[in-house]
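Architecture at a glance
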Amino acid sequence: MQRHFKVSPPSVHDMIMMLEKKGFIQRTPGVARSIRLILSPDNLQREPAKAIRPSAPNSIIGHWRITQMDMWDQDFVDAEVEGYVRLDDGGSGEFQFGDVHGLIDHDLVERDGRPAAEWSWEGNDEMDPASGRGWAALQDDGTIKGKLSFHHGDKSGFVAIRIATPPKRRANG
């Protein structure tokens, strides 16, 4: 799943947990290959999934590489993968920096006349459940600037640049 969807292992875990929470699958925790489809085949989507279209330069939709965070240095931001924020068409997305990973539910808005997104997120911080909110706005130089907040916790501003491909997982060792 990680290779197919080009996402991190925590993303796969979060996807599986969400499918189970919504009642689409059943699994036995700690038992490999125990996932069972609960949803009736008659209720499965028959159309092929649509690819996310490339973003226009004036759109906030896309993959963004985090290049700066107020609270953490770049070595931490890039500890597992190159830190990123991804905003997809349809209001979903994902981010990861350091040991923090989140699935985003966003709305497209304007901030000071600029394309922007505001979101809530659920995920994990070092595998502990975490959640919060965030926002980002497109800047004149093509970057996005925003803030990511943990529920009842840290808040950090960030800057990110648009990238063409998803981040690659760092090799261990």
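Rules used in this analysis
Residues numbered from 1 in each chain as written. Predicted model: local features only at pLDDT ≥ 70, side-chain atom pairs only at ≥ 80, totals over all residues. Heavy atoms only, no water. Pairing = 2+ DSSP bridges. Helix = DSSP H or I, 4+ residues; strand = E, 2+ residues; numbered from the N terminus. Axes fitted to C-alpha atoms, helices over the stretch in contact; angles between N-to-C directions. Contact = heavy atoms within 4.5 Å. Buried < 20%, exposed > 50% of the residue type's maximum accessible area, 1.4 Å probe, protein only. Salt bridge = Lys/Arg side-chain N within 4 Å of Asp/Glu carboxyl O. pLDDT = per-residue confidence, 0-100. Core = buried A, V, L, I, M, F, W, Y, C linked by side-chain atoms within 4.5 Å.

Further remarks concern the sheet that holds strand β8 (residues 128-138). Taken together, eight strands build a closed barrel; the order of strands is β3-β4-β5-β6-β7-β8-β9-β10 and the barrel is antiparallel. Taking each pair of neighbouring strands and ignoring which way they run, the sheet shows an average axis angle of 30°. Bridge analysis of β8 against strand β9 (residues 144-150) gives seven bridges, and the strand direction is antiparallel. Residue pairing for β9: Ala-137 is matched across the bridge by Lys-145.

Moving on, we get to the environment of Leu-148. Take Leu-148: it is sitting in strand β9. For Leu-148 and Ser-120, which are 28 residues apart along the polypeptide, the C-alpha to C-alpha distance reads 9.5 Å. Among residues more than four places away in sequence, those in contact with Leu-148 are Phe-95, Phe-97, Trp-119, Trp-121, Arg-133, Gly-134, Asp-154, Lys-155, Ser-156 and Phe-158.

Within strand β3 (residues 62-69), six of the eight residues are buried, which leaves the element mostly enclosed by the surrounding structure. Looking at chain direction, β3 and strand β4 (residues 84-87) are connected through four bridges and run antiparallel. Residue pairing in the sheet places Arg-65 in a bridge with Tyr-84 of β4. Two elements, β3 and strand β10 (residues 155-163), share six bridges in a ladder whose sense is antiparallel. For Gln-68, the partnering residue across the bridge sits in β10 and is Val-159.

Here the structure, examined in full by the defined rule, presents seven salt bridges. Close ionic contact of Arg-65 with Asp-78 constitutes a salt bridge, the shortest N to O distance being 2.9 Å. Of this pair, Arg-65 sits in strand β3 while Asp-78 is found in the loop between α3 (74-77) and β4, placing the two residues 13 residues apart along the sequence. Just as Arg-65 is buried, Asp-78 falls in that class too.

Regions with low pLDDT should not have their predicted coordinates read in detail. Mean pLDDT over the protein chain: 83, with 82% of residues reaching 70 or higher. Across residues 48-55, where pLDDT falls below 50, the model places six contacts with residues more than four positions away in sequence or in other chains. pLDDT under 50 marks residues 168-173. Its contacts with residues more than four places away, or in other chains, come to twelve contacts.

Before going further, it helps to spend a moment on the nonpolar core. Nonpolar side chains in soluble globular proteins generally cluster together in the buried interior. With 24 residues, the main nonpolar core has Val-85, Phe-97, Trp-119, Trp-121 and Phe-158 as its most contacted residues. Apart from residues no more than four positions distant in its own chain, Phe-97 is found in contact with Ile-66, Met-69, Trp-72, Phe-76, Val-77, Gly-83, Leu-148 and Phe-150.

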